[in-house]
Structures are given as structure tokens and as C-alpha cells.
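Read off the chains here:
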Amino acid sequence: VIDPLSGIGNIKFGDTAKSVKELLGSELYYEDWMGGNLEDFLFYKGLLIGFRGEHGDHPNDNSEVSMIIIKASIYELILWKEIISNFSKKQLITFLNKKGIRFKELNNNTLQCTELDMNFYFDCNLLLDEVFVAFPQRKKFSISKTHPNQFELFVSVKTELGLHTG
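One structure accompanies this document, and this report is about it.

Definitions and cut-offs
- Residues numbered from 1 in each chain as written.
- Predicted model: local features only at pLDDT ≥ 70, side-chain atom pairs only at ≥ 80, totals over all residues.
- Heavy atoms only, no water.
- Helix = DSSP H or I, 4+ residues; strand = E, 2+ residues; numbered from the N terminus.
- Polar contact = N/O pair within 3.5 Å; in protein donor to acceptor, adjacent residues only side chain to side chain.
- Contact = heavy atoms within 4.5 Å.
- Buried < 20%, exposed > 50% of the residue type's maximum accessible area, 1.4 Å probe, protein only.
- Arc of directions from axis to C-beta.
- Pairing = 2+ DSSP bridges.

1. Re the side chain of E31
Turning to step 1, where the next piece is worked out: Turning to its location among the elements, E31 is positioned in the loop between α1 (17–24) and β4 (41–44).
Turning to step 2, where the next piece is worked out: Within the structure, the side chain of E31 is placed 2.7 Å from the side chain of W33, a separation counted as a polar contact.
Turning to step 3, where the next piece is worked out: For E31, the residues in contact, after removing those within four places along its chain, are Y44, K45 and G46.

This is how it looks when you write it as C-alpha cells:
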């Protein structure tokens, strides 16, 4: 489960690097899409977890989760009970409009939600490639279980990561 207000599965914004390593393991898995300069990150297959706080070559045990990037090709992403992993950009735009979520196009390959710290990135064929979720910084709105525009992103995560949907 990814919730832009709290985190992914058992990994919550504000959790320490130590607790993430206890959950996912301390062995890191680098992939080319992750790029360089990963001093603030722990990285696993299809999953990049960013941290804030003190760090050296990697986050120290007390650094806190502040962002997550997840690959749609590795995980089944479900948004409002609909699988979006294989969505095209056009399908996702239609879906977000239908749900009343405001967004803007940053470029041909990126949609940015304007009221949530969440971006959708698309590959060269304009198919969903990555979802970025950051620790909510905006105080313009609140989302609760009783709010009609409640937002949750559910993710079925492969069992080798030890994360399960709820």
C-alpha cells in the first residue's frame, strides 16, 4: 500500500533507515534507472527510498524516510482499486480527471499532482514507468477516511521485498 500521506506498506515517512533495513535487508540492489549520487538513498529492486538527516556514503541509522520512487514494471500499482501499472499517459490523465485530482504536465513524460507530493513518469512509449511520492510538505488540504476525495495508492509488492498489501 502506498499512501502519499504516510508511505509504502510497512515503510512510513519518518521511519529510520535502521527500521527500513530491518524490514528489507541491508543488501542494496542498484539498477541503471536509479542514476548516480545516491548518498541519501537505500535502493532495492525497483524501489528507491530517500532519506533526510545526517548521512555519509548512505543514510545513517537515524536518517528518516522522506521519499519513495517505485517502478511500475516491477510492482502491481493499484490506485483507487484500479490497476494502473500498465496505464498509458492518456489513460492516467483520464483516470486522474475522473477522480478530481489536479495535476499539471511538466513535460511530455511527467505528470505532477498539484495538491499531493506525487509524480508519474512515463517511458518513451508514454506508458507508466515510475511513481514518485514524497513526505507531504503542503498544508493546503487534508485527506481523511471520511473525505470524499480520499487518496490512496495500493501496491501489491512482490514477496521477496517482504511487503504485502493490506
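Right, picking up where we left off after that structure.
2. Here we look at α1
Since there are 3.6 residues in each turn of an α-helix, residues three or four apart along the chain are aligned in direction.
Turning to step 1, where the next piece is worked out: Here α1 has its buried residues at A17, V20 and L24. When α1 is viewed along its axis, its buried side chains cluster within an angular range of 60° and face the same direction.
Turning to step 2, where the next piece is worked out: The inward-facing, buried residues of α1 abut β3 (11–12), β4, β5 (47–52) and β6 (64–71).
Turning to step 3, where the next piece is worked out: G25, located one to two residues past α1, shows a positive phi value of around 100°.

3. Brief notes about the pairing of strand β9 (residues 103–107)
Here is the key point about a regular strand: its side chains alternate between the two faces of the sheet.
Turning to step 1, where the next piece is worked out: As defined by bridge partners, β9 adjoins strand β10 (residues 110–113) across 4 bridges and the pair is classed as antiparallel. Bridged to E105 within β10 is L111.
Turning to step 2, where the next piece is worked out: Here β9 hands over to β10 after 2 residues, the two strands then running antiparallel side by side.

4. Section: the environment of P59
Turning to step 1, where the next piece is worked out: One can find P59 in the loop between β5 and β6.
Turning to step 2, where the next piece is worked out: The class of P59 is buried, set by a relative accessible area of 5%.
Turning to step 3, where the next piece is worked out: Considered as a pair, P59 and L42 are 17 residues apart in the sequence and their alpha carbons are 7.4 Å apart.

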